[in-house]
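The residues making up each chain are set out below.
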Amino acid sequence: MHSIKSCFCLLKARNSPRFEDHVILAAETTFNVNEVEALHVLFEQLSSSIIDDGLIHKEEFKLALINSESKNNLFADRLFELFDLKKNGVIEFEEFVRSLSIFHPDTPDEDKIAFAFRLYDLNHTGYIEHDELKEMVLATLGESNLSLSDDAVEAIVEKTLLEADLNGDGRIDLEEWKEMAARYPSLTKNMTLPYLREITLAFPNFVMETEVPDSALVF
C-alpha cells in the first residue's frame, strides 16, 4: 500500500502545479525544495488555526507569534505588515516563504539588516526618525516587561540618534543603519531563526507525504 501511495505521489509531483511553484520558491529563496514543502505543512496549520481558508490572517499570525490573537504588539503588527507583500490584509504561502527566508541562517546579513531597517521605518519614509525610534524602544521595553521614565527613554533615543545619524539630519537612513549594524551585530540578532535550517525535522510525517521526488530530497 505504501509503495502504491509513493508511486502516486511521484506521478503527482511531476504534474502538480503546486510542486512547480515550490521549485520556483526554492530557487528564489534560501530554502531548498523539501524545506519549502515542510513550510507548506506549517503554513496549512497556521492558516487554519482560526479561519480555514488557506490564508494567514493577522489574528492567526499573532496567535502563532505571541500566543494571542488580540493582544497589542507592535513587533507582531509590523512583521505581519512586512510579510503581507501584496498589502491585501492576508499572507499567502508564497509571501510566507519569501518573508521567512530572511530569517534563515544562510541568508546574507545585508538582507537581514535591510529587513530590520524596514521594521523600524514605521512610516515608510525610508528613514528611521525620532518618534519611530522611541516607539520601538518602548515596544522593546514592553516585551521585556521593563518600565523606564520618559526621560530615560528619551535619553536612549537621543544617544542612539547621536551615534547613528552620521550626516546630522536628525534621522537614520539605510546606509547609516548598515554602519550601526556593523558596529552592533546585536541589532539584528533576532533576524536569524536557527531552526529554519532543520525545518523538515519539525514535521516527522513530511517525508512520507511530500510531493518532492526522492532525487530532490535533501537530508
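Everything numeric in this text was worked out from a predicted model, so none of it was measured.

Cut-off values and rules
The residue numbers shown here count from 1 along each chain, following its written sequence. Local features are withheld for residues below a pLDDT of 70 in this predicted model, meaning they are given only at 70 or higher, and side-chain atom pairs are given and counted only at 80 or more; totals for whole chains, interfaces and linings count all residues. Note that water and hydrogens are dropped before the side-chain values are worked out from all heavy atoms of the structure. A run of H or I in DSSP counts as a helix once it spans at least four residues, and a run of E counts as a strand once it spans at least two, with each numbered from the N terminus. Any helix carries an expected span of 1.5 Å times its number of residues minus one. Residue exposure (1.4 Å probe, protein chains only): buried if accessible area is under 20% of the type maximum, exposed if over 50%, otherwise partly exposed. What the arc describes is the spread of directions from the helix axis to the C-beta atoms. Contact between two residues is taken to exist if any of their heavy atoms lie within 4.5 Å; hydrogens are not considered. Definition used in this section: a nonpolar core is a set of buried Ala, Val, Leu, Ile, Met, Phe, Trp, Tyr and Cys residues joined via side-chain atoms within 4.5 Å. UniProt positions are given in the numbering used here, feature names are shortened, and annotations may be inferred rather than shown by experiment. Per residue, pLDDT captures the predictor's confidence, and it can take any value from 0 to 100. Just to be clear on terms, a salt bridge is a Lys or Arg side-chain nitrogen sitting within 4 Å of an Asp or Glu carboxyl oxygen. Each aromatic pair joins two rings of Phe, Tyr and Trp (for Trp, the six-membered one) with centres within 6.5 Å, and gets the label stacked for planes under 30 degrees apart, edge-to-face for over 60, and tilted for any other angle.

**Describing helix α9 (residues 150-164)**
Alright, step 1. Look at α9: 21 Å from first C-alpha to last across 15 residues, which is about the 21 Å you get at 1.5 Å a residue.
Alright, step 2. Residues of α9 that are buried include every one of Val 153, Val 157, Thr 160, Leu 161 and Ala 164, and no others. For α9, the buried positions fall inside an angular range of 100° around the axis, keeping them on one side. Looking at α9, the residues exposed on the side facing more than 90 degrees away from the buried face are Asp 151, Lys 159 and Leu 162.
Alright, step 3. Taken together, the buried residues of α9 touch α8 (130-143), β4 (171-172) and α10 (174-183).

**Some thoughts on the nonpolar core**
Alright, step 1. Among the nonpolar cores identified, the biggest contains 48 residues, and Leu 39, Phe 83, Phe 93, Phe 96, Phe 103, Phe 115 and Trp 177 are the most heavily contacted of them.
Alright, step 2. Those elements giving two or more residues to this core turn out to be α2 (17-28), α3 (33-46), α5 (74-83), α6 (93-100), α7 (109-120), α8, α9 and α10.
Alright, step 3. Beyond its immediate stretch of four places on either side in the chain, Phe 115 contacts Leu 79, Leu 82, Phe 83, Ile 102, Phe 103 and Met 191.

**As for the UniProt feature "domain: EF-hand" (unreviewed entry) in the protein chain**
Alright, step 1. As recorded in UniProt, the feature "domain: EF-hand" (unreviewed entry) lies at residues 71-106, 108-143 and 152-187.
Alright, step 2. End C-alpha to end C-alpha, residues 108-143 measures 27 Å, and it is 72% helix and 6% strand.
Alright, step 3. Counting secondary structure, residues 152-187 comes out at 64% helix and 6% strand; the distance between its end C-alpha atoms is 20 Å.

**Comments concerning the side chain of Thr 188**
Alright, step 1. Mapping Thr 188 onto the fold places it in the loop between α10 and α11 (206-209).
Alright, step 2. Beyond its immediate chain neighbours, meaning those up to four positions away, Thr 188 contacts Lys 112, Ile 113 and Ala 116.

**Things to note about the confidence of the model for the protein chain**
Alright, step 1. The predicted model of the protein chain averages 85 in pLDDT, with 84% of residues at 70 or higher.
Alright, step 2. Across residues 1-17, confidence stays below pLDDT 50; counting only partners more than four residues off in sequence or on other chains, it has 13 contacts.
Alright, step 3. Considering only residues more than four positions removed or in separate chains, one finds that residues 204-219, a stretch of pLDDT under 50, has 32 contacts.

**Looking at the pattern of salt bridges**
Alright, step 1. Counted under the stated rule, the structure contains 14 salt bridges.
Alright, step 2. A salt bridge links Glu 28 to Arg 98, with the nearest nitrogen and oxygen atoms 2.4 Å apart. Of the two residues, Glu 28 sits in helix α2 while Arg 98 sits in helix α6, which places them 70 residues apart along the sequence.
Alright, step 3. Overall, Glu 28 belongs to the partly exposed group, its relative accessible area being 49%.
Alright, step 4. Note that Lys 178 is salt-bridged to Glu 175, the shortest N-O span being 3.4 Å. Highlighted residues: Lys 178 and Glu 175, both in helix α10, separated by three residues, approximately one helical turn.
Alright, step 5. A relative accessible area of 24% places Lys 178 in the partly exposed class.

**Points about unusual backbone geometry**
Alright, step 1. A positive phi angle, close to 55°, is found at His 124, a residue other than glycine.
Alright, step 2. Within the fold, His 124 resides in the loop between α7 and β3 (128-129).
Alright, step 3. Residue class for His 124 comes out exposed when judged on its relative accessible area of 52%.
Alright, step 4. The phi dihedral of Asn 145 falls on the positive side, at around 55°, and the residue is not glycine.

**Thoughts on the packing of aromatic side chains**
Alright, step 1. Taken as a whole and assessed by the stated rule, the structure comprises eight aromatic pairs.
Alright, step 2. Measuring from ring centre to ring centre gives 5.4 Å for Phe 43 and Phe 93, while their planes differ by 70°; the resulting arrangement is edge-to-face. Note that Phe 43 is positioned in helix α3 and Phe 93 in helix α6, a separation of 50 residues in sequence. Each member of the pair, Phe 43 together with Phe 93, is buried.
Alright, step 3. Taken together, a centroid distance of 5.5 Å and an interplanar angle of 75° make the contact between Phe 103 and Phe 115 edge-to-face. With Phe 103 in the loop between α6 and α7 and Phe 115 in helix α7, this residue pair connects regions lying 12 residues apart in the sequence.
Alright, step 4. Look at Phe 115 and you get buried, because its relative accessible area is 4%.
Alright, step 5. Among the aromatic residues, ring-to-ring pairing joins Phe 61, Phe 80, Phe 83, Phe 103 and Phe 115 into one connected group.

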